[in-house]
Amino acid sequence: MSQSNSHGVEETITSLRARGLRITPQRRAILQEILNAKGHISPPTVARAVQARMPGVNASTVYRTLTMLEDLGYVSHSHHEAGAEYHRAGEGDHVHLICARCGSQDALSSEEERALARLIGRHRRFHPDLTHFAISGTCDACQQHNGSR
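Quick notes on the rules
- Residues numbered from 1 in each chain as written.
- Predicted model: local features only at pLDDT ≥ 70, side-chain atom pairs only at ≥ 80, totals over all residues.
- Heavy atoms only, no water.
- Helix = DSSP H or I, 4+ residues; strand = E, 2+ residues; numbered from the N terminus.
- Buried < 20%, exposed > 50% of the residue type's maximum accessible area, 1.4 Å probe, protein only.
- Contact = heavy atoms within 4.5 Å.
- Areas by Shrake-Rupley, 256 points an atom, 1.4 Å probe, with all protein chains shown as cover.
- Pairing = 2+ DSSP bridges.
- Axes fitted to C-alpha atoms, helices over the stretch in contact; angles between N-to-C directions.
- Core = buried A, V, L, I, M, F, W, Y, C linked by side-chain atoms within 4.5 Å.
- Expected span 1.5 Å × (residues − 1).
- Arc of directions from axis to C-beta.
- Polar contact = N/O pair within 3.5 Å; in protein donor to acceptor, adjacent residues only side chain to side chain.

Draft legend 1. Here's a closer look at the overall build of the chain. Per the secondary structure count, the chain includes 6 helices and 5 strands. Across the 149 residues in the chain, those meeting the buried criterion constitute 34%. For the chain, long-range pairs separated by at least 24 residues make up 51% of all intrachain contacts whose partners lie at least 6 apart in sequence. Carbon and sulfur atoms make up 50% of the accessible area of the chain, which totals about 8900 Å².

What follows is the structure in structure tokens.
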């Protein structure tokens, strides 16, 4: 799928139609919001943006469409403290680190993520999927500010 641009949206619409799915104006608007977002976007943010352009769109339509897009492999989600956040599939496949105090976000490098997966894998041969959640904690700046290192 193309990066965030209208061609990516049209390409996705063509692909969805080829799968036999109807593309309603609501679905198109939801697709535009999620595929043109930079980074992660929450379902309520998608709903507000779509409702600003199309006041009759129900939040449940947004959630159903996001679920359908994820089931088909176009988007993925990760769990953050404030709830699920969506992104184009393949773009958010990293471990999120979120400060519970200030909300700053960071991510582990690919090497750090592999090391964490190996560490977890050694525990009863468990294979983790690290892309669907965020690790909550306290960032360095907040620790220094509060003197709690």
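Draft legend 2. Quick look at the sheet that holds strand β5 (residues 134–137). Read across the open sheet, the 3 strands follow the order β4-β3-β5; overall the sheet is mixed. In the strand order of this sheet, the two ends are held by β4 (105–107) and β5, each with one partner. Within this sheet the neighbouring strands show an average axis-to-axis angle of 25°, counted without direction. As paired strands, strand β3 (residues 96–99) and β5 are joined by 4 bridges and run parallel to one another.

Draft legend 3. Broad picture of the nonpolar core. Counting 22 residues, the largest nonpolar core has Leu16, Leu31, Ile34, Val46, Val50, Val62 and Leu69 as its most contacted members. At 5 residues, the largest contribution of residues to this core is made by helix α2 (residues 25–36).

Draft legend 4. Main features of helix α4 (residues 59–71). Taking 1.5 Å per residue as the helical rise, α4 with its 13 residues ought to reach 18 Å, and the 18 Å between its terminal C-alpha atoms agrees with that figure. Turning to α4, its buried residues number three or more, namely Thr61, Val62, Thr65, Leu66, Met68 and Leu69. Buried residues in α4, looked at end-on, bunch into an arc of 160°, giving them a common side. Turned more than 90 degrees off the buried face of α4, the exposed positions are Arg64 and Asp71. Sitting at the amino-terminal end of α4 is Asn58, which places a side-chain oxygen 2.9 Å from the backbone nitrogen of Ser60. Positive backbone phi, at 90°, marks Gly73, one or two positions downstream of α4.

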